[in-house]
Amino acid sequence: MIGLGLRDVGGIIERGGTMLGTSRCPAFLTDAGQESAVRQLVQRDVSGLVVIGGNGSQAGAHALARRGIAVVGVASTIDNDLPGSDVTIGATTALDIALEAIDRLRVTASAHKRVFLVEVMGRACGYLALVAGLTGGAEAILIPEIEESPEQVAASILDAYQRGKSHAIVIVAEGARQDADALAHFFTEHSARLGFELRVTKPGHVQRGGAPRVFDRLSATLLGAAAVEHLQAGRHGVLLGLTGGRVSAKAYADVLHAAKPLDPQLIQLAQLLAR
Ligand code: F6P
């Protein structure tokens, strides 16, 4: 065990990822793994645990809470798919990175009248793709929540060219039913008929590698402080997030299996602006 004092955690606010080195642990999915984790915490007199992470981490935190450990969760994932927080830590920085990539790709897309397919992370959730597409001025956005056929995507691209656009950017969520590879395959197969040249770009883990931007630093600071306060006050077994711009605490049991649908207004707007 390494003790961390105030000076040991200085200078990390501008770093992404985790300086703790924590990562997924398959053994923790088993009873034996969870019992071992509880033993380690008890042996080391850990009186409270703050778990910062997404669905997997929070499911693990809930498992520890059910085994009697005082746990407070902090909603943090680029996917923004955790109910209990309007925006999770990491999502807006990942969006900024995706947006930068889209802006850069548009230069070549416009110069050579090309179509670019950009695959955005997000697991089974279309939030990143939807917001990146909306703010990046995409001609089409494919997300897991809405089914669209390759022919429909091709029609949107051709329509964009007919309206005088010199490029077409299609944002594809990695979890979309027609993912970037499937679409690329379709467009290559039908290239003679469709008549456009296409390139696929996958920023991938680059989206997770940036220095946290201002919103993420602020929300992490607010939620980190609130997590300590909650533990000190004995209010544990909750997931902290931001709701309406304020720190909110939701019982694990209420959020972990709840759905977090995308904002229908954003979907509508994206469809309207793509025309
Ligand atoms: O949950 C965050 C996330 O970056 C997803 O968007 C992505 O699908 C996944 O993790 C990638 O996981 P890994 O780093 O194990 O490839």
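Look a little higher up for the structure.
1. Quick look at the site of the ligand
Surveying the vicinity of the ligand reveals the residues R24, I78, D79, M121, G122, R123, E174, H205 and R208. A distance of 2.6 Å is found between an oxygen atom of the ligand and a side-chain nitrogen or oxygen belonging to D79. Between the ligand and R123 there is a distance of 3.0 Å, counted from an oxygen atom to a side-chain nitrogen or oxygen. When the ligand is considered free in solution it has 400 Å² of accessible area, and contact with the protein chains removes 72% of it. Tallied by class, the residues present in the shell around the ligand amount to two nonpolar, two polar and five charged. Here the shell around the ligand spans two domains, since at least three of its residues come from each of domain 1 (7-89 + 212-255) and domain 2 (92-209).

2. What about unusual backbone geometry?
In this structure, N80 is a non-glycine residue whose phi angle is positive, near 50°. Within the secondary structure, N80 is located in the loop between β2 (71-75) and α3 (91-112). A positive phi angle, close to 50°, is found at K113, a residue other than glycine. Relative to the assigned elements, K113 resides in the loop between α3 and β3 (115-120). Looking at K113, the relative accessible area reads 48%, which means it is partly exposed.

3. With respect to the nonpolar core
The tendency in soluble globular proteins is for nonpolar side chains to be buried side by side. Residues I157, V170 and F187 are the most contacted members of the largest nonpolar core, which totals 49 residues. Of all the elements in the fold, those that place two or more residues in this core are α3, β3, α4 (127-135), β4 (140-142), α5 (150-162), β5 (168-173), α6 (180-189) and α10 (264-274).

4. Notes on the packing of α5 against α6
Across the interface, α5 lies against α6 with an axial gap of 10 Å and an inter-helix angle of 70°. Overall, the two elements α5 and α6 adopt an arrangement that is roughly perpendicular. Crossing handedness for the pair α5 and α6: right-handed. For the pair α5 and α6, the contacting residues are P150, E151, V153, A154 and I157 in the first and L183, F186 and F187 in the second. A per-class count over the contact of α5 with α6 returns seven nonpolar, no polar and one charged.

5. Topic: helix α2 (residues 55-66)
The α-helix winds at 3.6 residues per turn, so residues separated by three or four positions along the chain end up facing the same way. Taking 1.5 Å per residue as the helical rise, α2 with its 12 residues ought to reach 16 Å, and the 16 Å between its terminal C-alpha atoms agrees with that figure. All buried positions along α2 are accounted for by Q58, G60, A61, H62, A63 and L64. Those residues of α2 that are buried lie in contact with α1 (31-43), β1 (49-53), β2, β7 (238-243) and α9 (252-255). G68 sits one or two positions beyond α2 and adopts a positive phi of about 95°.

6. Concerning the packing of aromatic side chains
A full pass over the atoms with the stated rule returns three aromatic pairs. Aromatic pair Y161 and F196: ring centres 6.4 Å apart, planes at 50°, arrangement tilted. Here Y161 is found in helix α5, whereas its partner F196 is found in the loop between α7 (191-194) and β6 (198-201), with 35 residues between them in sequence. The class of Y161 is buried, set by a relative accessible area of 17%. Note on F187 and F196: the rings are 5.4 Å apart at their centroids and 70° apart in plane angle, and the pair reads as edge-to-face. The same class applies to F187 and to F196, which are both buried.

7. Examining the layout of surface pockets
Of the voids in this model, the second largest pocket is the one considered here, and its volume is about 300 Å³. Lining the second largest pocket are 18 residues, and of these I141, E148, A270, Q271 and A274 sit closest to its centre. Those elements that provide at least two residues to the lining of the second largest pocket are β4, α5 and α10. Its residues assigned to classes, the lining of the second largest pocket shows nine nonpolar, three polar and six charged.

Criteria and thresholds
Residues numbered from 1 in each chain as written. Predicted model: local features only at pLDDT ≥ 70, side-chain atom pairs only at ≥ 80, totals over all residues. Heavy atoms only, no water. Near = heavy atom within 4 Å. Polar contact = N/O pair within 3.5 Å; in protein donor to acceptor, adjacent residues only side chain to side chain. Areas by Shrake-Rupley, 256 points an atom, 1.4 Å probe, with all protein chains shown as cover. Nonpolar A, V, L, I, M, F, W, Y, C, P; charged D, E, K, R; others polar. Domains from an automatic or database assignment. Helix = DSSP H or I, 4+ residues; strand = E, 2+ residues; numbered from the N terminus. Buried < 20%, exposed > 50% of the residue type's maximum accessible area, 1.4 Å probe, protein only. Core = buried A, V, L, I, M, F, W, Y, C linked by side-chain atoms within 4.5 Å. Axes fitted to C-alpha atoms, helices over the stretch in contact; angles between N-to-C directions. Parallel < 35°, antiparallel > 145°, perpendicular 65-115°, else oblique. Left-handed = near helix turned anticlockwise from the far one by under 90°. Contact = heavy atoms within 4.5 Å. Expected span 1.5 Å × (residues − 1). Phe/Tyr/Trp six-rings, centres within 6.5 Å; stacked < 30°, edge-to-face > 60°. 1 Å grid on protein atoms, 1.4 Å probe; cavity = no way out; pocket = protein on both sides within 12 Å on 5 of 7 lines; lining within 4 Å. Points joined across faces, edges and corners; volume = space filled by probe spheres on them.

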